[in-house]
Structure formats: C-alpha cells, structure tokens
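What the coordinates show
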Number of protein chains: 4
Amino acid sequence: MLVVMKHSALAQQVDAVCSRIESLGLRAHVLPGAARIAVAITGNRGPVEQHGLADMPGVQEVIRVTKQYKLVSRDFKDEPTVIHFPGSDATIGGPELAIIAGPCSVESRDQLFAVAEAVANSGARFLRGGAYKPRTSPYSFQGMGEEALVLLAEVREAFGLRIVTEAIDHESLALVEQYADMIQIGARNMQNFSLLKRAGRSPLPVLLKRGMSATLEELLMAAEYIMSEGNANVVLCERGIRTFVDHTRNTLDLSIVPAVHHLSHLPILVDPSHGTGKRYKVLPMARAAVAAGCDGLMVEVHAHPQEALSDGEQSILPDQFRKLMEEARAIAHIVGRQIAAPLPADAEAIAAR
Amino acid sequence: MLVVMKHSALAQQVDAVCSRIESLGLRAHVLPGAARIAVAITGNRGPVEQHGLADMPGVQEVIRVTKQYKLVSRDFKDEPTVIHFPGSDATIGGPELAIIAGPCSVESRDQLFAVAEAVANSGARFLRGGAYKPRTSPYSFQGMGEEALVLLAEVREAFGLRIVTEAIDHESLALVEQYADMIQIGARNMQNFSLLKRAGRSPLPVLLKRGMSATLEELLMAAEYIMSEGNANVVLCERGIRTFVDHTRNTLDLSIVPAVHHLSHLPILVDPSHGTGKRYKVLPMARAAVAAGCDGLMVEVHAHPQEALSDGEQSILPDQFRKLMEEARAIAHIVGRQIAAPLPADAEAIAAR
Amino acid sequence: MLVVMKHSALAQQVDAVCSRIESLGLRAHVLPGAARIAVAITGNRGPVEQHGLADMPGVQEVIRVTKQYKLVSRDFKDEPTVIHFPGSDATIGGPELAIIAGPCSVESRDQLFAVAEAVANSGARFLRGGAYKPRTSPYSFQGMGEEALVLLAEVREAFGLRIVTEAIDHESLALVEQYADMIQIGARNMQNFSLLKRAGRSPLPVLLKRGMSATLEELLMAAEYIMSEGNANVVLCERGIRTFVDHTRNTLDLSIVPAVHHLSHLPILVDPSHGTGKRYKVLPMARAAVAAGCDGLMVEVHAHPQEALSDGEQSILPDQFRKLMEEARAIAHIVGRQIAAPLPADAEAIAAR
Amino acid sequence: MLVVMKHSALAQQVDAVCSRIESLGLRAHVLPGAARIAVAITGNRGPVEQHGLADMPGVQEVIRVTKQYKLVSRDFKDEPTVIHFPGSDATIGGPELAIIAGPCSVESRDQLFAVAEAVANSGARFLRGGAYKPRTSPYSFQGMGEEALVLLAEVREAFGLRIVTEAIDHESLALVEQYADMIQIGARNMQNFSLLKRAGRSPLPVLLKRGMSATLEELLMAAEYIMSEGNANVVLCERGIRTFVDHTRNTLDLSIVPAVHHLSHLPILVDPSHGTGKRYKVLPMARAAVAAGCDGLMVEVHAHPQEALSDGEQSILPDQFRKLMEEARAIAHIVGRQIAAPLPADAEAIAAR
C-alpha cells in the first residue's frame, strides 16, 4: 500500500504517517519524488486495512497496490534511480552509460593491472574482477579470495576505477564491503534470499544479476528483497537465460531492457560476455544492448584469454574492448545517452591506427 | 562433399566433373564464387567415395564436409548472398538493409493503401501483408486469400514496393508466385518439408522464418531443403523463440545474427514485431537488431492497430515506423550499412515536426 | 456457443435448432451424449448473439463458451471419445490401452514382417511404420513412399494389425487413406493447418502428435481444426517437448496426460521412444506413462536397431518390447485399465524363459 | 583420477596410496566397494600426472576420469548408496521406497500433528515441514523458524517419523542439524556452493533438490560439492523444471530417474507436488514416478489446503495421500521395490471404506 502525500505536506505530517504505520506493526518507507513524497507500507501478510491513514493531515490518497513488488515499482517512484559513487564522476542510471569491464577472475597482480589500464584508458569507470567464483565443479579454480580484493583496492588507487566484485555468502560479503565500491550478487544466488537480505543492510550499492531461469517478476522481487531491508541502490543486470538454443552459451534476452524501464525505476545493465559465451558475439551484442536502451554494460576483458583460469572463451582482448567502446559511444549518442571519452593515452592509440 | 575447382579451370572441366557426379547417381550443384568455382555433391546417404574426382582435370581439391548442411554453408560460398529484385533497386544481403513493412493481414483496400503509402514514403522498399494466415484457432480470421493478393499487386504498381507474402501450402504458393515478389514460409511451416521443396522449385526468392523452437542447425537445414531443389535465393528471418519468459510473447534471439553470418552466406533479417509481441518493445528491438548486424527488418505497421483482425498489439503506427526508420538509418551507418532515404513526402513531414 | 437440448427433446427440435444456426451463417455440430444432446456453434468471429435460440422448443439452455476450443472440450462432450476400428477388436479411448508399435521407417519386407510378428504376438493391436519421413536434412533417408504403404497393407492381412502411418502433405495423405487405418500427423506438422483441415475431411481417425514447443491449448486447437471439418476421431499423442535439458533428446511431459483428461474428451497416447531418444529410458517411461493414466503407447521396435535407417538409438528390441508389454499390463491393471493378452506364441516364449 | 586397488590389497597399502596422493597436494577419498577398494583423487586443477601411483604395491590400475564428477559417479562406486537412519527402520536407496510427506510449512502444533498422524498411519517413515521458507516475495510468510524445528522434533518423538527440513543459510543449517534427521537444500540454493560445502561438513544426510534450470550434470556436480567435503549421504530429488509449458507450474522431468541411475550410485526421489503445482496431478505423477523407478517420493499433505500459508494449491488431503500410498505400493511391487505397510489404524480406515 502506498500513502501519497500532498504537494504541500509538511515533514512532520510525513513523520506522523510513518509513526501510525509502525504502530500497526508494519514498516514505512519514505520515497521522496520530484513533485511529491510517498510512503510505502510493507510487512503486511495480506491486504492492509486503511486504519484511517487517508484522513490524516497532509495525505492526498492511499493507493492499494496489486503487484507483488512495491519499492522497485514505477508506481512508487517514477524518476529513474541514479546511483552516485563518492569521490568519482561515476554514476549508474543517469545520462552516462555505466561501463564495467575487467577479467572474469582476478588471477595475479600483473594480469589485473594490464587489463585495468586498458579499461581505464578506453573511458570505462568501473572495473570488474572475481575474488570469489561460484563454479559448477568443486575442482575448478574458486578464486583468490581476500588476496584478490587487496589487488582490486590497489587498482582503484592506481587508476581511479570503481570496483565491482561478487560476494557469495555472508563472510565474503563482509570482506567485499571493506574493499570494493559495489557488491555483485551472481545469477546463481539471485534467489539466495538470506544473502539478498544481508546485501540490503549494506551501505554499498548492489549489482543484481538475473538468474538463469528467472522471470522479470522474480528479478524485480529479488531486488525488492534488497530494497525492503533499506538499501535503495540496486542495479539489475541481464546476463542471458537458459533455453533450448545451442549456438550460444545463454540466450541474451535484450527485450527485458524496455520491459524493466516500463515497470521499474531501477537501472538495468547488460552482460554480453556471459550472455553469449563466445568472443565473436560480444561486440555485436554489446552494440545491440546499447541500442535497446540499457543503462550500461558489463564486459569481460582479458589480455591473454587463452590462459584465463575461467571464462576465457568469452573474454575479449583489450583492442576489441577499445573498438567496442567506440561503437557503443556512437550508438549511445543516437539513443540520447553518452559514454565517457577515452583518456588521452587511448585516444592517441586510436589516432595512431 | 565439395569439389573445389582450380582458379584456371575451364567451363568444360566443370561440366565433366558434374557429369561424373551425376553418373554416380548423385546431384551436382555448381557454386560460382568470386575467385573459384566449387561443385557441391548432394544425394549421398553416407560418406561418398571420391571415385577419382580429385584426379580429374581442373580439380584443385575434394573436401569432405562433416556438417550436415552444405549449400547454405560458408565453406561452399564465402561471399554473402545478395538477392536482386528485377525492375527495382531493392536488394537483400547487400550494403543496404532490406526493410519489409506492412500490416499483419491484408484486411481491405483502404487499410492496405494507407499503410503502403506510409511505408514507401519512409524509405522501405518491401511491403508485407498476409493473404493466408496460419492461426492457432480455426475460428480466427484466416486471411482474404487471392483477393488480398490482387490488392497487393495493385500496391506494387502504385508505390513501386516489392511484395512479400506468406504461402501455407502448395495451392497458395502457386498463387503467391503469380502475384508477389517473394514467398514467405512462416515459422509454423519451417519444417513442412513438402512445402520447402516446392518453394525450392519456385523462381521467386524465399523468406524463411525460424520455427519457434528451431535450433540454428535446423534453420540452416530447412534452408538447405530449399536450396537443394535449385533455389539459391533464400533469406532467413529471426522472429523470436519460445522460452519460459513471460514478459514478452516470444524471446528475440538476436545473437543468432552473428552466428548465421559465421556459418552461412545467407542474409538474415529480424522481425521485432513477432519477436516481442508488444508495441512498446518494437522500436528498441529494431534498433538492437540493426546494431547486431542484421541484413534487414520485417515490421508490422497498421494505421489503426486496435481494429486489426490479427496481431494488433504488436503493430506500430505509421508515425512510430517513421521514427524507427530514422533511428535504424543512423545505427546502420555506424555498423557500415545503409538504409534508403525517405521519399520527399516523408522528409517534409519530418521537417515539419 | 453451445445449445444444450432437453433430455426429452425430439429429433425434429434438434433439426430446427441446427437450421436456425445455419441460417445465421454459422455451423452447427450435433454432439450426442449419453443423457442429452448438445449443438455446438462454430464459425462465429466474435461473441454470438443468441438470436432467440434459448426460446426454441426443446432447448434447455444456451451456454457461452469462453475457451477458444469447443469441439474438443469436456464442456461439449463429457464422456471420453472411444474410437472403434471396423473388422477388429482394436479401440482407442476405451478400457483397453491402445498399443502401437513398429519400426520408425519401413525399410524392407523382411524388416517389417519380423517386427510385425513380434508386435502382434505380444498383444499389441496396431503397427506403426513410416512411409514418408520428415527428416531434418534433405540428404537423409526420406522413406520408401507408396512401396512402404503396400507392405504395410500386406502386414494387416498377415497379422490382423491395424496400420498407423504418417502423412506429410495432401498427396501422401490421399495415399495413406487408401492403405492404412489411421493417419498420423507428425509433431513438425502439428500447426500445418492446411494439412489438418485435409485430415479433418478424411474418413479415417487421426493421430495428432504434439509439436515440439506446443502448449496444451495449441495442441487442443490443432485437434479443433480437424474436428471442425467434421472428423470427430482424433487421438492426441505426447512425444516430448524441447527444453534446455540435455540428458534426453526431448523432455517427456507426462503431466499433460491428466491435464488433457481434465479439459478434453479426446484420448491421449504417449510415445516414450521420441519422448526420450534413448533405448534405456523407453521401458521406464512407458511404465510411467501407463501409471499416469494414458490411453495407450506408441513405441519404436526394431529387430536390428543398429542398422536402422532412422532413429535406431531409441528403438527397442522385440524382447525388450515383450517385457514392456508385461510390465505395462500389470500397471494398467492397477489404474483400472487393461492391455490385451499376448498371443499363444508369445506366451510360450515367456513361459520358456 | 581413480586408483583401483587389487582385491587382495592390504589396508596399509591403501594408506600408502593415500599418503602419496596427499603429499602431492591433492586429496584422497577412500571408496570401499563390495569387491574392491578404490581411491579417488580430487583437488587437481587439470590432468594429474600419475607420479608412479600405478607402480605402488596393491594397486591394480589407475583410471583417468574424463567426466567432471567423480565421487557421485558409478565409475567410482557401482553399488547403489543406501542411507540408514539410526534408531529407525527408515532407509533411502534400498529396496524400500522412501516416502517423505507433510505440509509445505509448519504453521502450528495442531496443523503439524494432524498431518503427521495421517502420514505415519499410511506407512510413510519421513515427515517434511518447512521452518525456513525461501519465498519469491519478501512480504510472504517466511516460516516459523526455530519454533517450527521444536515442533518437528516433538513429532519425531510422538510418531517415530524421521524429520526432513530445509536449511537456507549457515545459521539455519546449524539449527536444522540440532533438531532434524536430514537437511534439505532447496531448488533455489542448488548452486549456493557455500551452503553446499557447509552441508558437506554435516553429520546428517542431505536431500538436494534439482534447480529449476539445472542440467543433470549440474545436479551431479552440486552433489559432488557436498561429497567432496566428506559427506557421502546425499539424496537427489527431481521437483520439476522451468519450460515454456503453462498447463503446469513446473515440468516434471521423470526421465532423469533412469538417467541418474545410469550415471550415479546416489538415490533419486521425485516431488510430484512442486513438480506439477496442481492437486489433481499429484496422484497420477506420483504413480508415474514410482513406475519410472525412483527411490522415493516427497509429497505435500495438508488437512486444510485452502488455509495453507504456502503452496495450498498443490497439497493433497490426508485421504488422497492414503490412496496415493496404496497405488504407489502396488506399482512398487511391479518394479521390484516395496513400500512399508500402513499402520493398523490406517488399515482399519481403509477396510471401513
């Protein structure tokens, strides 16, 4: 249920509404908008009686919400959510597309710094790199753990990139919080509700990847788990779904991009690397994602993909990433968005070609 | 099996190879290329013995093909297939993207002409419109039949558009051949092999839509059925596949575009109307398809979609189509392709906005 | 719309209702039931006005049907459809399960007779065997055509088996009608509406296999196409659907069996051979199908599967088929059904083990 | 890699092999079989050099394993795994089918005891009941937590049933270990590798449900995660997968039952309640599962399903469960298995009908 306040409502009237809601054993979430404040009510098992809320001072109307999701919905907050990263020009959800690039796994200092430099030079503002890897086999490389987090933090200092890295349980999440700028929840954990609730109590923004067989509603409900714990900074990410199709590792469902924008105020990124699983498809699908209107890309880049400890087949080379950025930048312009310019180092490299 | 001729091979040497192949009870298909001629052998139940082919004059090498498809493959013909339409600048597979637009079904003369004018003005060179409609229910509108074909032929005269329309059996195919410029085989008939063989004996090019649960290999094999009967002018079309996803009517599998180009010389179009089933997704996904590198679009346009006898929900309005063309044209430019300019009538309309 | 007649309605009152319906440009289908007669109305594009039907003599009530299917529905005919085969004890839909077995393709007289004898001895009353084969590749064995039909007709004489074989277009359907007892429409043609309509005008019963990505509603609507042309003898067949699963060729959706019985009066068989694609799964899934309540089985049997020209991997041996029949017979008994006893020849063979 | 010991190998020879393996930085797992002992090696990143293992005393051969799973494989342990429950006749994997029944969620003492009595009387030896519920929405009932575990432990005392209940994170797993007899890992957590590893260090057997889009290999690899931590008592459970099909909540993939038995020694149960989502399908699919050869059933039973706080639509009534047990018992007999007889209380009730 949503209590919509009048344009002229006073702060103390909003407080009074919240108090009433909490006195009923429910939770109140204040949602400030450009033109009005709304108060969302959660915690009810079934339909909520209005309990006189509509008659309180400053209240314009009380809206019964029939969809299962609330906080993620455009009904509650119409303007797109824009996430800012302190001490940086990086944003997600604003006019500039967020580009997150880097290796699947952090493997060594040399590997990470080589990729990070290429990523930073080409205009991306975020570095990805796995420290904790959820692998199908217990005998596959499981990530370097905290050692990788330390290296990622060094990269932030060296190149000014914001760090996005995955947490796989409460323990790793606590460590990621110490070292990184954004917590990634992977596709396999999209319905690990215990982990989602923990991420919802973190001060860091959360990148939530769509599960392999998640419907749009399930993805939004997973985001709702995070938001219902108090963390409003959630970013969704399409990374391909599982279908009968065998020419591709996963089937990238790009049409979820306009569908998310239709229903929710949250930003949605696209990962064409996991979304296709094949290097030669990453560039075309990255372009397609930007053309479809996504809020950013997440791309795997590796200087020596054939030696990568994970996902080498889908990692592109730094030169291919540079080309991807140029093409994505041009298409972004056509759909009314932008991508940061390459740094002088990279611009020179392009000019020299 | 493929017999690759030398660069210097004489026509009579090619003929001799073909005769030898046919004397073995097999079929020979001459495949002219820019640099070499190859002769494909079909009709073998299992591996073919070489029977001295490699030693014949003019033969460079004999290649055993392990993939099930032959004629559709890049191994046999490396240059992209470009289809020309006599008496028209229209092409499919060349640098210019083919835009096929129009109503799902032909419903009346007025309806058809209104849409055709808008389609022609915006720069598209092909009109679509169903005369025979494969509908899930026997009680749904099944198309106007030959009456619709007559109207489509009138439209060709009036606006210079090439006509693409669906055939659903041998009888309707014979009629479509009389009136139209290109035969469409719908998704539900992609493995109607009797119909594919008949289309393979037609002088008209064939637009083959991907079946709802067809793999890439099955799509290529369906094209192989048409080509193996002698019709080399086949165009593939992605129109969405069936998955668990419920936010969309079908899941548009755009990553098949680079995959087709990887394996085959045939052009591939994308149908964002059936591919999404929702009007608000048609524009973003049309842009995405062009960005992914497709060879053209097939789009449903209707002046009064709410009154359409079929698929109104996914048909866009003429004004939305005009916008689609502008955006697609700009993106085509970025990926090294082009779309014909709007006619003066339309250019004026745009300027007046 | 359905016009339900009174228990006491006279034949001439039913005739009058039909005449009225036809005078409205619609079609009337008389549906005799054990306790009442109903008249189904089809041919309406949208909701039908009642036009005074409810007030005619002998009419009890007029029911508006909201589902898209009519003739296939339990709303129109509550008793299960039972199909009889003239000159034979064979039935489909009654208390006895229909067992249809035989080779994927007819390959030779010897091959066919060897299998037919084993099939007949084990108690099955129907022989399957393909004369026209829809194959993914144009270069695969496409069936022996009419020559196979002649052999199948010989088998009927020799062993008293009813013959079920597939038609793939109008031409082959006309031939199948001459030689066989039941026309099979394959999965790839489930939405070949032109072929369905032709089958609907045949005097023979039709076995309709579920398409690889067909929903239950689409399967019922395909049966409705056949019934709406006047052929009431339609039998459905589950043969596996296409999913992401890779341990099996198709995913056998057994839960469609109770779902069909819930909505429709038509019988439903199960094909565990195509439904799994692997010999070792055929027996367990045949047992499971009978336990789930299906009306019969369709099973591929071959005396030398490793030499089969098609589908050898999923064909079971005559001995395995004998075991399948014993186990299926025992389970049928538990769910209140039965399977005919083996012939003495086979009973002896079992006793001798 | 697997080191197969000679029939005559001495215990100290086995120890020596293990020591050598561990000295190489790898892990050794002793796998006792009826006829031979084998030692599995895990922990290798790539192929393992043999390092002279084949020449050690008592070693018969060293087998290179190409499949990704090892400990779960029939290559390592050919006899089926049978799990015993101390202080009880209950087993999983032996000749007797394991029947686990009870409510989706524990809701109250009365609700639980009513169901438990019916379950126990009908011959089932295991009670299920959720204390921690992974729900799509954060606003749905999330389970009673430890309070439910206390009630479940009471039920064990009262009716002698073994308790199976789900853990969703490390915290709840520690509590489940205190109160229950078997830890359930739900479908959404099948690839929560952190939780799988924790379960692998538990002394209790683990029931591992297949993820909604998990392949057979992924399911086996998830079991391998548990086994590689030292817990050999893993039971798999098919509960339906996600497909395009809409007549059912999930598509029950029964053919995985013979496929698991083909590849693995682990028992596999079937959950026809989640597997179909509809009450009227539970009985037919339970029968089908037993006929397919499963090692047991997991069924939701509720005395008042319309009042259930979760999954009421798929819960059957105690009377329906009694009928399910009778039919399953009869079919089990046909496939060479058995189900425990009902208690006198229930036998009387049946007789009285």
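These numbers come from a predicted model, not from an experiment. (Residues numbered from 1 in each chain as written. Chains lettered and ligands numbered in written order. Predicted model: local features only at pLDDT ≥ 70, side-chain atom pairs only at ≥ 80, totals over all residues.)

So, the overall build of chain A
For chain A, the count of helices and strands is 10 helices and 14 strands. At 21 Å, chain A has a C-alpha radius of gyration in line with the 20 Å of a compact globule built from 353 residues. Overall, the C-alpha framework of chain A stretches about 70 × 45 × 45 Å when taken along its three principal axes. When each of the 353 residues of chain A is scored for burial, the buried share is 58%. Long-range pairs, those at least 24 residues apart, make up 66% of the contacts in chain A between residues at least 6 apart in sequence. (Helix = DSSP H or I, 4+ residues; strand = E, 2+ residues; numbered from the N terminus. Rg over C-alpha atoms; globule rule 2.2 N^0.38 Å. Buried ≥ 20, exposed ≤ 12 C-beta atoms within 10 Å, placed from the backbone. Contact = placed C-beta atoms within 7 Å.)

Digging into the interface of chain C and chain B
Facing the 27 residues of chain C at the interface are 27 residues of chain B. Those elements that place two or more of their residues in the side of chain C that touches chain B are α5 (193–200) and α6 (216–228) of chain C. Broken down by element, the side of chain C that touches chain B gets its largest block of residues, five residues, from α6 of chain C. Along the lines of polarity and charge, the residues of the side of chain C that touches chain B split into nine nonpolar, 12 polar and six charged. (Nonpolar A, V, L, I, M, F, W, Y, C, P; charged D, E, K, R; others polar.)

Quick look at the interface of chain D and chain C
Quoted interface sizes are often the accessible area lost when the parts come together. The interface of chain D with chain C comprises 35 residues on the first partner and 36 residues on the second. Listing elements by their share of the side of chain D that touches chain C, those giving two or more residues are α7 (256–263), α8 (279–292) and α9 (318–334) of chain D. When residues in the side of chain D that touches chain C are grouped by element, the largest group, nine residues, is from α8 of chain D.

Details of the relation of the copies chain C and chain B
By a simple turn and slide, chain C fits onto chain B: the slide is 0.0 Å along the axis, the RMSD is 0.1 Å, and the turn is 180°. Here the two chains are linked by the operation of a two-fold rotation axis. Proximity to the rotation axis, assessed at the C-alpha, singles out Ser 213 of chain C in chain C; its C-alpha lies 3.0 Å from the axis. A symmetric contact is evident, with 100% of the interface residues of chain C recurring at the interface of chain B. (Least-squares fit on C-alpha atoms with pLDDT ≥ 70 in both.)

What about helix α4 (residues 170–179) of chain D?
All names here are of chain D. Buried within α4 we find Ser 172, Leu 173 and Val 176. Projected down its long axis, α4 shows its buried positions confined to an angular sector of 105°, all on one face. Turned more than 90 degrees away from the buried face of α4, the exposed residues are Ala 174 and Gln 178. Contacts from the buried residues of α4 go to α3 (146–159), β9 (162–166), β10 (182–185) and α5 (193–200). (Arc of directions from axis to C-beta.)

Looking at the environment of Glu 79 of chain B
By the secondary structure assignment, Glu 79 of chain B is in the loop between β4 (59–63) and β5 (83–84). Residues Glu 79 of chain B and Ser 264 of chain B, spaced 185 residues apart in sequence, show a C-alpha to C-alpha distance of 9.3 Å.

Thoughts on the packing of α8 of chain D against α9 of chain D
Residues and elements named next belong to chain D. Two elements in contact, α8 and α9, have axes whose closest approach is 9 Å; the angle formed by their N-to-C orientations is 25°. Classified by the angle their axes make, α8 and α9 are roughly parallel. α8 and α9 meet at a crossing whose hand is right-handed. Taking contact as the criterion, the partners of Leu 283, Ala 286, Arg 287, Val 290 and Ala 291 in α8 are, on α9, Gln 320, Lys 323, Leu 324, Glu 327, Ala 328, Ile 331 and Ala 332. Residue classes in the contact of α8 with α9 are distributed as eight nonpolar, one polar and three charged. (Axes fitted to C-alpha atoms, helices over the stretch in contact; angles between N-to-C directions. Parallel < 35°, antiparallel > 145°, perpendicular 65-115°, else oblique. Left-handed = near helix turned anticlockwise from the far one by under 90°.)

Topic: unusual backbone geometry
Residue Asp 311 of chain A is not a glycine yet carries a positive backbone phi of 60°. Among the structural elements, Asp 311 of chain A can be located in the loop between β14 (296–300) and α9 (318–334).

Focus on the pairing of strand β1 (residues 2–5) of chain B
Residues and elements named next belong to chain B. Residues Val 3 and Met 5 of β1 are buried on one face, while the alternating residues Leu 2 and Val 4, pointing to the opposite face, are not. With four bridges joining them, β1 and β4 adopt antiparallel strand pairing. Among the inter-strand pairings, Val 4 is bridged to a residue of β4, identified as Glu 61. In this structure, β1 lies alongside strand β3 (residues 37–42), joined through three bridges in antiparallel fashion. (Pairing = 2+ DSSP bridges.)

Observations regarding the domain arrangement of chain A
According to the domain assignment, chain A consists of domain 1 (2–63) and domain 2 (83–352). Computed over C-alpha atoms, the centres of domain 1 of chain A and domain 2 of chain A are 36 Å apart. (Domains from an automatic or database assignment.)

Some words on the pairing of strand β7 (residues 98–102) of chain A
Residue and element names in this part refer to chain A. Most of β7 sits inside the fold, with five of its five residues counted as buried. Going residue by residue along β7, you find Ala 98, Ile 100 and Gly 102 tucked away on one face and Ile 99 and Ala 101 tucked away on the opposite face as well. Bridge count between β7 and β14: five bridges; the pairing is parallel. Among the inter-strand pairings, Gly 102 is bridged to a residue of β14, identified as Glu 300. Sheet topology places β7 next to strand β8 (residues 126–128); two bridges connect them, and they run parallel. For Ala 101, the partnering residue across the bridge sits in β8 and is Leu 127. Since β7 and β8 lie parallel, the crossover through helix α2 (residues 109–121) that links them has a hand, and here it is right-handed. (Right-handed = clockwise from strand over helix to strand, strands pointing away.)

A short note on the packing of helix α3 (residues 146–159) of chain A against helix α4 (residues 170–179) of chain A
Residue and element names in this part refer to chain A. The geometry of α3 relative to α4 is characterised by a closest axis approach of 9 Å and an angle of 15° between their N-to-C directions. Relative to α4, the element α3 is oriented roughly parallel. Like other packed secondary-structure pairs, α3 and α4 cross with a definite hand, here right-handed. Across the interface between the two elements, Glu 146, Leu 149, Val 150, Leu 152 and Ala 153 from α3 touch Leu 175, Val 176 and Tyr 179 from α4. Among the residues forming the contact of α3 with α4, the class breakdown is seven nonpolar, no polar and one charged.

Brief notes about the environment of Gln 142 of chain C
Residues and elements named next belong to chain C. As for its position among the elements, Gln 142 is in the loop between β8 (126–128) and α3 (146–159). Judged by C-beta crowding, with 19 C-beta atoms within 10 Å, Gln 142 ranks as partly exposed. With residues up to four places along the chain from it excluded, the contact list for Gln 142 reads Lys 133 and Arg 135.

Observations concerning helix α6 (residues 216–227) of chain D
Residues and elements named next belong to chain D. The end-to-end C-alpha distance of α6 is 16 Å, a good match for the 16 Å that 12 residues give at a rise of 1.5 Å each. Taken across its 12 residues, α6 has 11 buried, putting it largely inside the fold. Listed in full, the buried residues belonging to α6 are Leu 216, Glu 218, Leu 219, Leu 220, Met 221, Ala 222, Ala 223, Glu 224, Tyr 225, Ile 226 and Met 227. Contacts made by the buried residues of α6 are with α5, β11 (206–209), β12 (234–238) and α7. (Expected span 1.5 Å × (residues − 1).)

Overview of the confidence of the model for chain A
For chain A, per-residue confidence averages 91 on the pLDDT scale, and residues scoring 70 or more make up 93% of the total. If you check the scores for this complex, the pTM reads 0.86 and the ipTM reads 0.85. (pLDDT = per-residue confidence, 0-100.)

Brief notes about the environment of Ser 108 of chain D
Tracing the sequence through the fold places Ser 108 of chain D in the loop between β7 (98–102) and α2 (109–121). Overall, the presence of 14 C-beta atoms within 10 Å leaves Ser 108 of chain D in the partly exposed class.

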